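One letter stands for each residue in the lines below.
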Amino acid sequence: MMPINDLLIVARWELILFVIGILFLPLTFKLFPIFFDKGYIFAKILGIAIISYVIFVLGITHLLPFTGTTIFLVVGFFAVINTLILKKYWKSIIGQCNNWTIIVSFFEELLFFLVLLFWSYVRAHQPDIHGLEKFMDFGFLNSILRSTYFPPRDIWFTPLPINYYYFGHLTTAVLTKISNIPSFITYNLMIATLAAFAFTEAFSIGINLWLLLLGSKKIDEVFYRQGILCGLLTGFLVSFGGNIHTIYSLFSGYSAANPVPFWQMPFAPSSFPNAYWYPDATRFIYHTIHEFPIYSFVVSDLHGHVLDIPFVLLTIAVLMSIIFNFNLPAGGQVKNFKNKNSLKINPFGKLRINAERSRSIKNLKFKIPLISFLLAVMYMTNAWDGAIYFVLVALIFAYLEFIRIKKNKIDNTTNNPILQILPINKKMHNFKYFLLDNWIIDLFIGLFVYLLIIGVGFFLFSLPFNLYFKPFVSGIGIICAPSFLTNIGKIGPILFEKNYCERSPLWQLFILYGFFYFWVIGFLISIRKTIKQFNNLTITDIFVLILIALSTFLIILPELIYLKDIYTDYFRANTMFKLVYQAFIMLSISSGYIIVRLISNIKRRALNIVRFLFLIFAFCLLVLVFIYPYFAINSYYGNLKTYHGLDGISYLKELYPTDYKAIQWLNAHVKGQPVILEAQGDSYTDYARVSANTGLPTVLGWTVHEWLWRGTYAVPAARIPDVEILYESPNLEITRALIRKYNIRYVFIGDLERQKYPNLNINKFNQLGKIVFQMGKTKIYKISF
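Residues numbered from 1 in each chain as written. Predicted model: local features only at pLDDT ≥ 70, side-chain atom pairs only at ≥ 80, totals over all residues. Heavy atoms only, no water.

1. Side note on the sheet that holds strand 6 (residues 561-563)
Part 1 of the reasoning: Strand order in the open sheet formed by four strands is 4-5-3-6, with mixed pairing between adjacent strands. Edge strands, defined here as strands with exactly one partner in the open sheet, are strand 4 (490-491) and strand 6.
Part 2 of the reasoning: The sheet contact formed by strand 3 (residues 476-478) and strand 5 (residues 494-495) spans two bridges and is parallel. Its bridge partner lying in strand 5, Gly477 is registered against Leu495. (Pairing = 2+ DSSP bridges. Helix = DSSP H or I, 4+ residues; strand = E, 2+ residues; numbered from the N terminus.)

2. Here we look at the pairing of strand 9 (residues 769-775)
Part 1 of the reasoning: Sheet topology note: the strand 9/strand 10 (residues 778-783) ladder contains six bridges and is antiparallel. Across the sheet, Phe773 pairs through a bridge with Ile780, a residue of strand 10.
Part 2 of the reasoning: Remark: two residues form the turn of the hairpin made by strand 9 and strand 10, two consecutive strands paired antiparallel; Gly776 in that turn has positive phi of roughly 60°.

3. A few points about the state of the cysteines
Linking two cysteines covalently through their sulfur atoms gives a disulfide.
Part 1 of the reasoning: Following the criterion strictly, the structure yields one disulfide and no others.
Part 2 of the reasoning: Note that Cys480 is cross-linked by a disulfide to Cys501, the S-S spacing being 1.9 Å. Taking the sign of the torsion about the S-S bond as the criterion, the disulfide between Cys480 and Cys501, at about 95°, is right-handed. Of this pair, Cys480 sits in the loop between strand 3 and helix 20 (483-486) while Cys501 is found in the loop between strand 5 and helix 21 (506-526), placing the two residues 21 residues apart along the sequence.
Part 3 of the reasoning: Given a relative accessible area of 24%, Cys480 falls into the partly exposed group. (Disulfide = S-S within 2.5 Å. Buried < 20%, exposed > 50% of the residue type's maximum accessible area, 1.4 Å probe, protein only.)

4. Structural notes on the sheet that holds strand 10
Part 1 of the reasoning: Taken together, the four strands give an open sheet; going across it, the order is 7-8-10-9, and neighbouring strands pair in mixed fashion. Two strands lie at the open edges of the sheet, namely strand 7 (675-677) and strand 9, each paired on one side alone. Strand-to-strand, the axes of this sheet are offset by a mean angle of 25°, without reference to chain direction.
Part 2 of the reasoning: Inspection of the sheet shows strand 7 paired to strand 8 (residues 744-749) by three bridges, in the parallel sense. Residue Ile676 lies in a different strand from strand 8, and its bridge partner there is Tyr746.
Part 3 of the reasoning: The strands touched by helix 32 (residues 720-728) within the sheet are strand 7 and strand 8, with strand 8 carrying the most contacts at an inclination of about 75°. (Axes fitted to C-alpha atoms, helices over the stretch in contact; angles between N-to-C directions. Contact = heavy atoms within 4.5 Å.)

5. Quick notes on the nonpolar core
Part 1 of the reasoning: By size, the foremost hydrophobic cluster in this structure holds 250 residues, and its most contacted members are Phe56, Trp119, Leu392, Phe397 and Phe515.
Part 2 of the reasoning: Those residues in contact with Trp119 that sit more than four places away from it in its chain are Ala192, Ala195, Phe240, Ile294, Phe297, Val298 and Ile633.
Part 3 of the reasoning: Core analysis: the next-biggest nonpolar cluster, separate from the first, contains 11 residues, Tyr746, Phe748, Phe773 and Ile780 among them. (Core = buried A, V, L, I, M, F, W, Y, C linked by side-chain atoms within 4.5 Å.)

6. Thoughts on the side chain of Thr171
Part 1 of the reasoning: On the secondary structure map, Thr171 appears in helix 8 (residues 167-179).
Part 2 of the reasoning: A polar side-chain atom of Thr171 sits 2.5 Å from the main-chain carbonyl oxygen of Gly168.
Part 3 of the reasoning: Ignoring anything within four residues of it in the chain, the contact list for Thr171 reads Ile48, Ser52, Met190 and Phe311. (Polar contact = N/O pair within 3.5 Å; in protein donor to acceptor, adjacent residues only side chain to side chain.)

7. Describing a nonpolar patch on the surface
Part 1 of the reasoning: Taken together, Phe448, Leu452, Val456, Phe459, Leu460, Leu463, Leu467 and Tyr468 make up a surface patch of nonpolar side chains, about 790 Å² in accessible area.
Part 2 of the reasoning: Looking at the secondary structure, you find Leu460 in helix 19 (residues 439-466).
Part 3 of the reasoning: Among the residues examined, Leu460 registers a relative accessible area of 52% and is labelled exposed. (Patch = residues over 30% accessible without salt bridge, like charges linked within 9 Å, V, L, I, M, F, W, Y side chains within 5 Å. Areas by Shrake-Rupley, 256 points an atom, 1.4 Å probe, with all protein chains shown as cover. Salt bridge = Lys/Arg side-chain N within 4 Å of Asp/Glu carboxyl O.)

8. A few points about the packing of aromatic side chains
Part 1 of the reasoning: Under the counting rule described, the total for this entry stands at 80 aromatic pairs.
Part 2 of the reasoning: On the basis of an interplanar angle of 45° and a centroid distance of 4.9 Å, the ring pair of Phe32 and Phe35 is categorised as tilted. Here Phe32 matches Phe35 in class, with each residue buried.
Part 3 of the reasoning: An angle of 85° between the planes, with centres 5.4 Å apart, marks the rings of Tyr53 and Phe373 as edge-to-face. Here the residue Tyr53 occupies a position in helix 3 (residues 42-60), and Phe373 occupies one in helix 15 (residues 364-381), the gap between them amounting to 320 residues.
Part 4 of the reasoning: One Lys or Arg, Lys30, reaches over the ring of Tyr89 and ends 3.9 Å from the middle of that ring.
Part 5 of the reasoning: Lying over the aromatic face of Phe66, Lys177 brings its terminal NZ or CZ to 5.0 Å of the ring centre. (Phe/Tyr/Trp six-rings, centres within 6.5 Å; stacked < 30°, edge-to-face > 60°. Lys NZ or Arg CZ within 6 Å of the ring centre and 35° of its normal.)

9. Re helix 26 (residues 628-636)
Part 1 of the reasoning: Looking at helix 26, one finds that the buried residues are Tyr628, Pro629, Phe631, Ala632, Ile633 and Asn634.
Part 2 of the reasoning: The secondary structure elements touched by the buried residues of helix 26 are helix 6 (99-123), helix 10 (221-240), helix 11 (293-299) and helix 25 (609-626).
Part 3 of the reasoning: Looking at the residues trailing helix 26, positive phi occurs at Gly638, about 55°.

10. Notes on the pattern of salt bridges
Oppositely charged side chains can form a pair if their charged atoms are brought close together.
Part 1 of the reasoning: Per the stated rule, a full pass over the model turns up 13 salt bridges.
Part 2 of the reasoning: Here Glu291 and Arg283 are joined by a salt bridge, their closest N and O atoms 3.1 Å apart.
Part 3 of the reasoning: Its relative accessible area of 9% is what places Glu291 among the buried residues.
Part 4 of the reasoning: Among the salt bridges present, the one from Arg710 reaches Glu706, with a minimum N-O distance of 3.2 Å. On the criterion of helical spacing, the pair formed by Arg710 and Glu706 is a turn pair, its members being four residues apart in helix 30 (residues 703-710). For the residue pair Arg710 and Glu706, the accessibility class agrees, reading buried in each case.

11. What to know about the packing of helix 1 (residues 4-23) against helix 6
Part 1 of the reasoning: The interhelical angle for the contact between helix 1 and helix 6, taken along N-to-C directions, is 145°, at an axis separation of 11 Å. Two packed elements cross with a definite hand, and for helix 1 against helix 6 that hand is right-handed. Judged by residue contacts, Leu7, Val10, Trp13, Glu14, Leu17 and Phe18 of helix 1 engage Glu109, Phe112, Phe113, Leu116, Leu117 and Ser120 from helix 6.
Part 2 of the reasoning: Grouping the constituent residues of the contact of helix 1 with helix 6 by class yields nine nonpolar, one polar and two charged. (Left-handed = near helix turned anticlockwise from the far one by under 90°. Nonpolar A, V, L, I, M, F, W, Y, C, P; charged D, E, K, R; others polar.)

12. What to know about unusual backbone geometry
Part 1 of the reasoning: Cis geometry is found at the peptide bond from Phe150 to Pro151, where omega equals 5°.
Part 2 of the reasoning: With respect to the secondary-structure elements, Pro151 resides in the loop between helix 7 (134-146) and helix 8.
Part 3 of the reasoning: With an omega of 0°, the peptide bond running from Thr158 to Pro159 counts as cis.
Part 4 of the reasoning: Mapping Pro159 onto the fold places it in the loop between helix 7 and helix 8.
Part 5 of the reasoning: The phi dihedral of His62 falls on the positive side, at around 60°, and the residue is not glycine.
Part 6 of the reasoning: Mapped onto the elements, His62 comes out in the loop between helix 3 and helix 4 (68-88).

13. Section: the confidence of the model for the protein chain
Part 1 of the reasoning: Overall, the prediction assigns the protein chain a mean pLDDT of 89, with 89% of residues at 70 or greater.
Part 2 of the reasoning: In the model, residues 327-361 has pLDDT below 50 throughout and makes 88 contacts with residues more than four positions away in sequence or in other chains.
Part 3 of the reasoning: Here residues 409-429 is modelled with pLDDT under 50, and outside its nearest four sequence neighbours on either side it reaches 40 contacts, counting other chains as well. (pLDDT = per-residue confidence, 0-100.)

14. Examining helix 28 (residues 657-669)
Part 1 of the reasoning: The end-to-end C-alpha distance of helix 28, which contains 13 residues, comes to 19 Å, matching closely the 18 Å that a straight helix rising 1.5 Å per residue would cover.
Part 2 of the reasoning: Those residues of helix 28 that sit buried are Thr658, Asp659, Tyr660, Ala662, Ile663, Trp665 and Leu666. (Expected span 1.5 Å × (residues − 1).)

Here it is as structure tokens:
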């Protein structure tokens, strides 16, 4: 059982999220009028994104400091805005709601709290903010919390700002300030919150995909129950699902260093789980990374790809709302599309809507800038996702343009921006009609205008971040480039490097993604007749097919190219990691819908031997996928036997007890971000523990990380001897010069400093400053100038 104190902390955190969601409900209702739950659960993350972004802009422009007062002013402002929206659209909002809207919304809130409580309880069995990249993530969070204005400072490379995507950490900092809960607890609460968002947002997408399938037809109670099943299944697949790599738990002799197909290994169910280790499912293909959400929640690095999950699902939901609202009957067939209202574009690219256009299409006036905003938020949280979902946006709008062209007679004075500006003369007459008759050109023109507007919006929304961010990708490499190209080396940003030739065996891709494509193939077979007659496909099916197509592309892409970073042996690891992570999410959403669709079709037919075998095989696949959390949670959290609480730095009491007290003293007595000197060390070690746990910048922290962020090893390497001189040199003048160079205000001397610098010269610091903290051999000096 969770102690009452921890339970009250979780309840306080949930209350804040609930209030933010309620405040942004009017805006959310206007965004998702066609959703059966009116997008209830998305109000929370939409509110967090907007509030955090406004605070970010106010801080980066130095208009208002990052304080609790500023946050409450911003929250109050949006409370007024949403109140005005509610007042203006009260009747339409109330008219959209029915008993099922209330029931589903309440159920989503209950699910959110239960998942939040579950993961808070799980994290409390191993709450340590220690290991993997937790120091980096916790350091970002603490640096932001100490910031008066933005950009936040890089704790490991004073005085430069963070050169990484940190917007997700900013949202965590905003919630930390609102809640007034210490960051060493909110770090763990945020992990639980992300898991709760992943489950409930996926649930909302799943249930709405299913219920919108019927369109305007009357939905009976059975269909609602199927919708709830679809939502739950989608939620479980996105946030708890693994892959069928768990089948190796039934076989003996597995080697992570040299994996072989399971059908070539001895079948040993009696010795289950055969020393199965859950991380192997994310490092299965040689020299690559292919994680998925449940693994991220278990290992609990508060990294950009995890922090972005709620924004990713919100973006998918918004695009889903657009495709259903584009003057199409909900879930109805393409052939029912009405052509009387069309989107006009003037020569200057400004969108205007015909008076006859339906109210739903008018929402594009707001949804297009919202898409730009969400793309910017995803980019600032996890840069790859901004690019990935820009492609999804392009696919959705390409489809909508295709439908517009297919079903509307093109008017050469209104529908084509190029035709509006072409001079009317004999010479151009034939060219105009060539454009009118060529639907592909018209499609690309319409799509270009949409993407241009979205792109400009993205540029403006991300500009405050980009002013202080320098991308650290140095080119796009071609995998297994032929020798005549490797001899050239590069053409512009395209790289042709020798010995960069690794591709994934098909059998390994089958292990990782076979579960999804089993359902995808079954789905394609079931709709094969309607695919041939495109007009008979439902919008739901088309949306799912778009997600499947993009996911497949993302899985194939790292077999062809890689984005160049500092890693040589693992040259395509990050590329595969970032791409297939999103493929996993989209395929999980698609599979949740497909599973219910196929099984409901089978229930309506006679059960023959083929369908029976299909159901048995499907059940086995589901077991393999959903058994992954059993392995992962029990392994990482010690079978949930020992409850430690939510304090993420309590481990320091045993590991470095005097350092723990010193860190507590720094957090209690040092304001702002003065520079503190501590031992420099390699990444993924306990070095840089002071800067990470306090948010105080140091001269140099994790060297490899700074190498990645600064683009070259020479930049951080130059500081390594400086830190050594600061600790070991007996020369006061040289030491004093370096102290001035880096503007050092505090010097930390603990166990790791003594280990790292055997010739540590402590006496000189007595001349350069005074001891402000001492416990055992751990000392903190405050430097005097």
